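# Remarks on the overall topology
The primary structure of each chain is shown beneath.
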Amino acid sequence: MTATATTAAPTAATAAPTPASVPAPVPAGGATTRSRLATGAARPTLPVRVLVAAAAIVALPALWAALAATGWLGPGLIGPADTIRALHDQWSMIWWNARPTLTATVLGAAILLGVTAVGVIAVAVVPALTPALGGTSVVVGSLPLIALTPALALVITRGQTLVTTVTVLSGLVPVAAMIAGTAQAAARGRDELGALYSAGRLRWWWHVGFWNSVPVIDLGLRAMLPACFVGTIVAEWSGATGTRGLGQVMVNALFSYQPEVLWAALLLAALAALALFGLAAGLMLPLRRRTR
Amino acid sequence: MSLASPAAGHTQAGGPAAPGEQQGSVVVPEPRSMRSDAAAGPAQASPGESGAGPVLRVDGVSFGYPGRRGALAAVDNVSFTLPVGGLGVLVGPSGCGKSTLLRLVAGLLEPTAGTIDLAGVAPARLRRDRRVGFAFQDPGLLSWRSVRRNIELPFDLARLPKDSAWVDHLLEITNLADWANRRPRELSGGMRQRVALARALATRPDVLLLDEPFGALDEITRADLNFELLRIVADTGTTCLLVTHSVDEAVLLADTVVVLGPRPCRVHATHTVDVPRGDRRELRDSAEFAARCREIRSALEAAR
């Protein structure tokens, strides 16, 4: 056994991948195809996913229609066809009422996005803030918003400001939980790699922590945006707004027994909530793809 | 494939071959600590025959994790030395404190007693100067970064200018050049470990610490990576300390095997493998290898 044994190896051999540790060489593009197949084994293909989603979307209205057709739940349950007709007939009234609701939702969501951006960076830089956030989310989450809104009306004038305040409060719980979650996700590995290279908290967050947090932010935003919308409607139910609002329409339709209008408002609310969910998912899509 | 280094293929990128030691045909770049402390010792010293050369010295080191019922002793009065440029392997039972010892050498933990130094430089200083590379048990690659950008991560974290030529060289010596723009999810387990190894070498560390880097791999891949590691360590001239559970791996890789007892970890025995690194492939199939393994297994059993 001599050192010269090592010199006999040809130069080209070193550059070649180790058969056991490197996948077999593939033509250009082949590796990508193979990795897609490998990934696809665990995840259904796009057409299958679209089909499943479409089936799920169709299933609910179908169930709704079937239930309404039986008449088991009385004349108060309006079927989808009649609901769409009512939405069409009453569109100008419903839309006039929906606009302040959507405005309050968008405004509340924008405020919460700002809170998210500041909060995510704040807990990354000062992790000690995380328990405080957890406590806040528990307290806010335990408050019954319907009961709280009249109390808030004593301090804040009824109208858009009050509705937006309740909207923010209702979205605060998922946001606080999200921010606390990002603190944990962002810190993953910092004790090792971050400490090894003496990376400051902000630097670590910028290069690693933020990207580690993307799944948490994604889930948080998806929960936050519809929660905002629900909060707005709840605020309107409990009289936070003066005369306008989708929640107000629902309450008026209930007390004047106009089930078609109530269901039409409900359908619009559901569509708006779905759109917000889609918006959140769409906003996060590029980041999700990158971190997958 | 052969894993032996070609003579001209692995000189340090970005300039002429560094004035270091030659092992067989491998040009070993001079370790940075020796470059900065040229007068500190003979730079030509072979790792296996250090004599008075600069060493990684772990001297009477103890460490305990603080707990409610007092400190939980993890390392107790551990001492050993490893010549600069040498490859030391720590073997011992699970939970005995090997990884803690590695973190102490990295300067990630502070010993409660004793001292550690590499050619006179304390670990905390080495770490601050980005002269420590660490490959953790979990490669911990970032899925949103390509292989190249994962290797470049230490530059980003340490605010160092990117050394593209060196990264190219690392990609080359870890056989990842063709995969530089791939994402970690497209790589095999062995390739991921090689990326982690290349990342640990990114800042041209003087000491490379490996915490069971190949523990999750199958035997064949593991053996291949062992030989690659030997070549890479020779190629970069880095002092390397590796933790493993595998006695075979320890004998195959090490210049010095440090056998540790159960927690709190104490040195039970040290074993010198005085076989040139270039001959380790042949060593693996020899009766001598089996005898050395037996010897270390006996030491491990006696330590329990």
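Everything in this summary refers to the structure shown in the same document.

What counts and what doesn't
- Residues numbered from 1 in each chain as written.
- Chains lettered and ligands numbered in written order.
- Predicted model: local features only at pLDDT ≥ 70, side-chain atom pairs only at ≥ 80, totals over all residues.
- Heavy atoms only, no water.
- Helix = DSSP H or I, 4+ residues; strand = E, 2+ residues; numbered from the N terminus.
- Expected span 1.5 Å × (residues − 1).
- Buried < 20%, exposed > 50% of the residue type's maximum accessible area, 1.4 Å probe, protein only.
- Axes fitted to C-alpha atoms, helices over the stretch in contact; angles between N-to-C directions.
- Parallel < 35°, antiparallel > 145°, perpendicular 65-115°, else oblique.
- Left-handed = near helix turned anticlockwise from the far one by under 90°.
- Nonpolar A, V, L, I, M, F, W, Y, C, P; charged D, E, K, R; others polar.
- Contact = heavy atoms within 4.5 Å.
- Pairing = 2+ DSSP bridges.
- Salt bridge = Lys/Arg side-chain N within 4 Å of Asp/Glu carboxyl O.
- Core = buried A, V, L, I, M, F, W, Y, C linked by side-chain atoms within 4.5 Å.
- Patch = residues over 30% accessible without salt bridge, like charges linked within 9 Å, V, L, I, M, F, W, Y side chains within 5 Å.
- Areas by Shrake-Rupley, 256 points an atom, 1.4 Å probe, with all protein chains shown as cover.
- Lys, Arg positive; Asp, Glu negative; His and termini not counted.
- Charge placed at Lys NZ, Arg CZ, Asp CG, Glu CD.
- Bend = angle between axes of the 7 residues up to and from the residue.

### Comments concerning helix H7 (residues 189-200) of chain B
- When the terminal C-alpha atoms of H7(B) are compared, their 17 Å separation across 12 residues agrees well with the 16 Å that a helix rising 1.5 Å per residue should span.
- Taken together, the buried positions of H7(B) are occupied by Gly190(B), Met191(B), Gln193(B), Arg194(B), Val195(B), Ala196(B), Leu197(B), Ala198(B), Arg199(B) and Ala200(B).

### Let's talk about the packing of helix H5 (residues 91-125) of chain A against helix H8 (residues 160-187) of chain A
Residues and elements named next belong to chain A.
- Running from amino to carboxyl end, H5 crosses H8 at an angle of 30°, the nearest separation of the two axes being 8 Å. The angle between H5 and H8 places the two elements in the roughly parallel class. Relative to H8, the crossing made by H5 is right-handed.
- Residues that form the contact of H5 with H8 fall into these classes: 15 nonpolar, 10 polar and no charged.

### A closer look at unusual backbone geometry
Residues and elements named next belong to chain B.
- For the bond running from Arg-263 to Pro-264, omega is -5°, close enough to zero to count as cis.
- Here Pro-264 is to be found in the loop between strand S10 (256-260) and strand S11 (267-272).
- Despite not being glycine, Ala-119 has its phi angle at roughly 50°, a positive value.
- Relative to the helices and strands, Ala-119 resides in the loop between strand S6 (113-118) and helix H3 (123-128).
- Since its relative accessible area comes to 19%, Ala-119 is described here as buried.

### Observations concerning the packing of H7(B) against helix H8 (residues 219-236) of chain B
Residues and elements named next belong to chain B.
- Direction vectors running N to C along H7 and H8 enclose 20°, while the axes themselves pass 11 Å from each other. On the basis of the axis angle, H7 is roughly parallel to H8. The interaxial crossing formed by H7 with H8 has right-handed handedness. Across from Gly-190, Gln-193, Arg-194 and Leu-197 in H7, the residues of H8 making contact are Thr-221, Leu-225, Glu-228, Leu-229 and Ile-232.
- Taken together, the residues that form the contact of H7 with H8 break down as four nonpolar, three polar and two charged.

### Here we look at the environment of Ala110(A)
- Looking at the secondary structure, you find Ala110(A) in helix H5.
- Its relative accessible area of 45% is what places Ala110(A) among the partly exposed residues.

### Brief notes about the pairing of S11(B)
All names here are of chain B.
- For S10 and S11, the ladder comprises five bridges, and the chain directions are antiparallel. Its bridge partner being in S11, Leu-260 is matched across the sheet by Val-267.
- Counting the residues that bridge the hairpin from S10 to S11 gives six residues.

### Describing the pattern of salt bridges
Residues and elements named next belong to chain B.
- The full count for this structure, using the stated rule, is 22 salt bridges over all chains.
- Ionic pairing is found between Arg-125 and Asp-129, a salt bridge with its closest N-O pair at 3.0 Å.
- One salt bridge in this structure joins Arg-292 and Glu-288, with 2.8 Å as the shortest N-O distance. Within this pair, Arg-292 and its partner Glu-288 are both found in helix H11 (residues 287-303), separated by four residues, close to a single helical turn.
- By relative accessible area, Arg-292 is classed as buried at 11%.
- Judged by its relative accessible area of 32%, Glu-288 falls in the partly exposed class.

### Things to note about the nonpolar core
- Leu246(A), Val75(B), Phe80(B), Leu90(B), Leu101(B), Leu209(B) and Leu241(B) are the most contacted members of the largest nonpolar core, which has 86 residues in total.
- Here this core takes 12 residues from helix H10 (residues 201-237) of chain A, the largest share from any one element.
- In contact with Val75(B), not counting residues within four places along its chain, are Val61(B), Ser62(B), Phe63(B), Gly97(B), Thr100(B), Leu101(B), Leu104(B), Pro264(B) and Cys265(B).
- Counting 53 residues, the second-largest nonpolar core is a separate cluster that includes Trp166(B), Ala198(B), Ala200(B) and Leu201(B).

### Looking at the sheet that holds strand S5 (residues 87-91) of chain B
Residues and elements named next belong to chain B.
- On the basis of which strands lie adjacent, the open sheet formed by six strands has the order S7-S8-S9-S5-S10-S11 and mixed pairing. Because the sheet does not close on itself, it has two edges, and the strands there are strand S7 (132-135) and S11. When the angles between neighbouring strand axes are averaged without regard to direction, this sheet yields 15°.
- Here S7 pairs with strand S8 (residues 207-211) via four bridges, running parallel. The residue of S8 that forms the bridge with Val-132 is Val-207.
- Contacting S5, S7, S8, strand S9 (239-244) and S10, helix H2 (residues 98-106) crosses the sheet at an angle of about 160° to S8.

### Side note on a positive patch on the surface
- A cluster of basic residues, Arg43(A), Arg49(A), Arg289(A), Arg292(A) and Arg185(B), forms a positive patch on the protein surface.
- A relative accessible area of 36% places Arg43(A) in the partly exposed class.

### Things to note about the sheet that holds strand S3 (residues 55-65) of chain B
Residue and element names in this part refer to chain B.
- Strand order in this open sheet of three strands is S4-S3-S6, and the pairing throughout is antiparallel. The sheet is open, and its two borders are formed by strand S4 (72-83) and S6, each paired with just one other strand. On average, each strand axis in the sheet is tilted by 20° relative to the strand beside it, whichever way the strands run.
- Alignment of S3 against S4, held across eight bridges, turns out to be antiparallel. Directly across from Tyr-65, in S4, lies its bridge partner Leu-72.

### Comments concerning H8(A)
- Taking 1.5 Å as the rise per residue, H8(A) with 28 residues should run 40 Å; its terminal C-alpha atoms sit 39 Å apart, in good agreement.
- The largest bend in H8(A) comes to about 40°, at Leu172(A), with the proline Pro174(A) one to four residues further on.

### Re the side chain of Asp211(B)
- In this fold, Asp211(B) is placed in strand S8.
- Residue contacts for Asp211(B): discarding those within four places in its chain leaves Ser99(B), Leu102(B), Arg103(B), Phe134(B), Ala135(B), Phe136(B), Gln137(B) and Val243(B).

### Some remarks on the side chain of Thr101(A)
Residue and element names in this part refer to chain A.
- When you line up the elements, Thr-101 lands in helix H5.
- Looking at Thr-101, the relative accessible area reads 0%, which means it is buried.
- Beyond its immediate sequence surroundings of up to four residues, Thr-101 is in contact with Phe-229, Thr-232, Ile-233, Glu-236, Gly-245 and Leu-246.

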